[in-house]
Protein chains: 2
Amino acid sequence: MIKPRSRRGGGRPTIADVARKAGVGAITVSRALREPERVSEDLRRQIQVAVDELGYVPDPNARALASARADVFGVLVPSLTNNVFAEVVRGIYDSLSDGPFRVQLGNTHYSGLEEERLLQVFGPQRPAALIVAGINQTPTARKLLETAGCPVVQVMETGPDPVDMLVGFSHLDGGRTATEHLIEAGYRRIGFIGARMDPRSQRRLAGYRAAMEAAGLFDARLVTTTPVPSSVTLGRELFRDALAKAPTLDGVFCNNDDIALGVLFECHRAAIAVPRTIGIVGFNDLDMMQSAFPSITSIRTYRYEIGRRSVAMALAAIAGKRPEQRVVDLGFELIRRESTAR
Amino acid sequence: MIKPRSRRGGGRPTIADVARKAGVGAITVSRALREPERVSEDLRRQIQVAVDELGYVPDPNARALASARADVFGVLVPSLTNNVFAEVVRGIYDSLSDGPFRVQLGNTHYSGLEEERLLQVFGPQRPAALIVAGINQTPTARKLLETAGCPVVQVMETGPDPVDMLVGFSHLDGGRTATEHLIEAGYRRIGFIGARMDPRSQRRLAGYRAAMEAAGLFDARLVTTTPVPSSVTLGRELFRDALAKAPTLDGVFCNNDDIALGVLFECHRAAIAVPRTIGIVGFNDLDMMQSAFPSITSIRTYRYEIGRRSVAMALAAIAGKRPEQRVVDLGFELIRRESTAR
DNA sequence: TTGTACGCGTTATCAA
DNA sequence: TTGATAACGCGTACAA
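Residues numbered from 1 in each chain as written. Chains lettered and ligands numbered in written order. Predicted model: local features only at pLDDT ≥ 70, side-chain atom pairs only at ≥ 80, totals over all residues. Heavy atoms only, no water.

### Comments concerning the protein's contact with DNA strand C
Surveying the vicinity of DNA strand C reveals 27 residues, the closest of which are A:T28, A:S40, B:I15, B:S30 and B:Y56. Among the atoms of DNA strand C lying within 4 Å of the protein, the sugar-phosphate backbone contributes 68%. The contact in question runs from a phosphate oxygen of DNA strand C to an N or O atom on the side chain of B:Y56, over 2.3 Å. The contact in question runs from a phosphate oxygen of DNA strand C to an N or O atom on the backbone of B:D59, over 3.2 Å. Contributing elements (two or more residues each) for the surface near DNA strand C: α2 (26-34) and α4 (60-67) of chain A together with α2 (26-34) and α4 (60-67) of chain B. (Near = heavy atom within 4 Å. Polar contact = N/O pair within 3.5 Å; in protein donor to acceptor, adjacent residues only side chain to side chain. Helix = DSSP H or I, 4+ residues; strand = E, 2+ residues; numbered from the N terminus.)

### Focus on the domain arrangement of chain A
Residues and elements named next belong to chain A. Here chain A is described as being made up of domain 1 (4-58), domain 2 (71-168 + 303-331) and domain 3 (171-301). Between the C-alpha centres of domain 2 and domain 3 there is a distance of 30 Å. In this complex, domain 2 contributes 11 residues to the contact, which on the side of domain 3 involves 10 residues. When domain 2 packs against domain 3, close to 900 Å² is buried across both sides, 48% of that on carbon and sulfur atoms. The largest per-residue losses of area from domain 2 upon contact with domain 3 belong to Y110, E157 and R303, which jointly make up 54% of the total buried on that side. Scanning the region where domain 2 abuts domain 3 turns up 2 salt bridges. Joining domain 2 to domain 3, the criterion identifies 6 residue pairs in polar contact (both at pLDDT 80 or more). Among the elements that line the side of domain 2 that touches domain 3, the one with the most residues is helix α5 (residues 83-96), at 3 residues. (Domains from an automatic or database assignment. Contact = heavy atoms within 4.5 Å. Buried area = accessible area lost by both parts, 1.4 Å probe. Salt bridge = Lys/Arg side-chain N within 4 Å of Asp/Glu carboxyl O.)

### Structural notes on the interface of chain A and chain B
Often, the extent of an interface is quoted as the loss of accessible area on bringing the components together. With 51 residues of chain A at the interface, the matching set in chain B holds 51 residues. Summed over both sides, the interface of chain A with chain B buries roughly 4500 Å², with 54% coming from carbon and sulfur. On the surface where chain A and chain B come into contact, there are 2 salt bridges. Among the salt bridges present, the one from B:E338 reaches A:R269, with a minimum N-O distance of 3.2 Å. Summed over the shared surface of chain A and chain B, the number is 18 residue pairs in polar contact (both at pLDDT 80 or more). Broken down by secondary-structure element, the contributors of at least two residues to the side of chain A that touches chain B are α4, α5, β2 (102-107), α10 (232-245), α11 (257-269) and α12 (287-291) of chain A. Among the elements that make up the side of chain A that touches chain B, the one with the highest residue count is α5(A) (7 residues). Its residues assigned to classes, the side of chain A that touches chain B shows 22 nonpolar, 16 polar and 13 charged. (Nonpolar A, V, L, I, M, F, W, Y, C, P; charged D, E, K, R; others polar.)

### A look at unusual backbone geometry
The omega torsion of the bond from A:V274 to A:P275 falls at 10°, within 30 degrees of zero and hence cis. Relative to the helices and strands, A:P275 is located in the loop between α11 and β9 (279-284). Even without being glycine, B:H109 reaches a positive phi, approximately 50°. Despite not being glycine, B:Y110 shows a phi value in the positive range, around 60°. Checked against the element boundaries, B:Y110 lands in the loop between β2 (102-107) and α6 (112-122). The class of B:Y110 is partly exposed, set by a relative accessible area of 24%. (Buried < 20%, exposed > 50% of the residue type's maximum accessible area, 1.4 Å probe, protein only.)

### Here we look at the protein's contact with DNA strand D
Lining the immediate environment of DNA strand D, one finds 28 residues, of which A:I15, A:S30, A:Y56, B:T28 and B:S40 sit closest. Within 4 Å of the protein, the atoms of DNA strand D are drawn from sugar and phosphate moieties in a proportion of 70%. Note that a phosphate oxygen of DNA strand D is positioned 2.3 Å from one of the side-chain N or O atoms of A:Y56. Note that a phosphate oxygen of DNA strand D is positioned 2.3 Å from one of the side-chain N or O atoms of B:T28. Listed by contribution, the elements that provide at least two residues to the surface near DNA strand D are α2 and α4 of chain A together with α2 and α4 of chain B. When residues in the surface near DNA strand D are grouped by element, the largest group, 5 residues, is from α4(A). For the surface near DNA strand D, the residue count by class is 13 nonpolar, 7 polar and 8 charged.

### Concerning the pairing of strand β1 (residues 72-77) of chain B
Residue and element names in this part refer to chain B. Most of β1 is tucked away, with 6 of its 6 residues classed as buried. A two-sided burial pattern is seen for β1, the buried positions comprising V72, G74 and L76 on one face and F73, V75 and V77 on the other. With 6 bridges joining them, β1 and β2 adopt parallel strand pairing. Residue pairing across strands places L76 opposite G106, the latter belonging to β2. This β-α-β element, β1 to helix α5 (residues 83-96) to β2, shows right-handed connectivity. (Pairing = 2+ DSSP bridges. Right-handed = clockwise from strand over helix to strand, strands pointing away.)

### Section: the pattern of salt bridges
When the charged atoms of two side chains lie near each other, side chains of opposite charge can form a pair. Across all of its chains, the model carries 49 salt bridges over all chains by this definition. A salt bridge links A:E87 to A:R90; its shortest N-O distance comes to 2.8 Å. With A:E87 and A:R90 both in helix α5 and 3 residues apart, this pair spans about one turn of that helix. Judged by relative accessible area, which is 14%, A:E87 ranks as buried. Between B:K21 and B:E53 there is a salt bridge, with the nearest N and O atoms lying 3.2 Å from each other. Taken as a pair, B:K21 in helix α1 (residues 15-22) and B:E53 in helix α3 (residues 41-54) lie far apart in primary sequence, 32 residues in all. Given the relative accessible area of 47%, B:K21 is considered partly exposed. Judged by its relative accessible area of 55%, B:E53 is exposed. One salt-bridge network, held together by shared partners, links A:E41, A:D42, A:R44 and A:R45.

### Remarks on the nonpolar core
Counting residues in hydrophobic clusters, the biggest one holds 151 residues, and the most contacted among them are A:L261, A:I280, B:L261 and B:I280. With residues up to four places along the chain from it excluded, the contact list for A:I280 reads A:L182, A:V252, A:C254, A:A260, A:V263, A:L264, A:V274, A:I296, A:T297, A:S339 and A:T340. (Core = buried A, V, L, I, M, F, W, Y, C linked by side-chain atoms within 4.5 Å.)

Structure representation (structure tokens):
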């Protein structure tokens, strides 16, 4: 005696079971599920009944194997806990939760090599689209993206030469705008305080420098940076360093809001008046900036929207409709608050 | 003329190509890759050479289809941006990045129904393990977990009746400890301020209540909660509400650190002395608690470690070694700081 | 609009 | 220790 088809699979119904029950061919069931409009009204209903009764759910692995394409969005970000990228990722998930697509998330830890490695892991899965943070891929990573054979969206920045599509904003302009605001508010010895110093931080620094030089205020001793990951506590420490190097400091543009909050706390602790003695500007405009005391001026960025847009663009490309703009600049906004109002 | 094997696949080498090149059977290549110790030294080397020369990478979809098991960890969390879960997720990713396992992350948005839906999406993928946040699954979700046919780890809480394995800590004890600390510090009209009020927040509230009742201090007017998502700004607002309801308030145990920070800022703004007039305790001990001015007392929790442990337990179960303890309590620690030092 | 035949790349089974 | 054969469940190509 031989038991047929009992080897594995736990007896879950297959497309063949549905087809038999509905009295149609398997391929018709397949079509009814993926392109309902190409199946007659009648059969579609019969098939739906059979599907419901059997509790049939397509096997994504079999589907991927047969079609050489998985319903997966590969997403690569440098950090899972940095609120900035968490918001982007949230936007991506929210945009994808309705449809058939899953998300495959990778954490590059701000490393180009890890990015390459993850791309090599994602490739064999034949993802439907790839979304990656930043524009500074290694040559190898860039080649992997170019040959991925699916839409690619780089996010969080703008740049001249996207692999495929791009949605973000100019960190250089953001840094310049923040610095110009401090200058206009009357600050002169304006420091830059930055942690991590990934490519985006570097460009914000470049924007700071451009503004300071244009005003004839640049002084290398005003710049305090570290490759160490950013945190509120680190902001306090860096601010102390900055003050030690440049005692006449009267303002700071911070790499991000965590640093800015650390600076504010250190000012409180050292009884330094904000904004009178020191002006503070952050970057990203996290919720807490508006509630801090004094509230902190910041550059508002649209991370969640960047996530949503990146998915919309990829989806359009998958549907064959390449969007007319392959590069989308979502901009930023300077939010003036008490920390620079003197 | 018929072109054989040219239909799709982009010409990537398959296991058959490797087998031919190495002069062995396909199945031997498969074994050499997955269980090297079951293949002779000689063949193993030959196969490795062929793999390298061809640049062969196994197709995960074909592998999943044939083995009826995907090298995927399904992970379900209620939020992607809440730092608490982001840390857990980071721990999971870091623990899995070396091995063959991918991560499939789902955002339940604090909804039992979404959790069910995601579990139904994950099921057909035949994940190697499932990690879910919390212990309050709907009956349907719980059944899906029980019949998933893979190790299941519930995280972030302890509880008496795990689906399979469990790693977390007691939110009730955490809430009680925080409140008892305020009582011991001499505060009497101690409020509870909570947002979101998910099951874990509810248990922290229960801990607060237990401590207050034990001391004969409980008063319903001291409790201020909202289902609205937590934020620093919301913390400010809720604190104002709390003060309006209970003007003699002299301390607050906050649901989490964001709320606590909001309370602190509101105290600054209203010139309420901390810790003299109001004592503040947070929950989770985010980095900024130690740097705030004054620094804020909080309950330190081990989110990253919870993520790592959950993977370790799942991995052990996959390897057939069910860990001796199916329930792991990682505890918490009260970190006393200036905000309650009067 | 529907169906037939076959292949996708891998692993389980079982025999050698 | 190794290999031949047969699935795994589905989609593509092509014909009807």
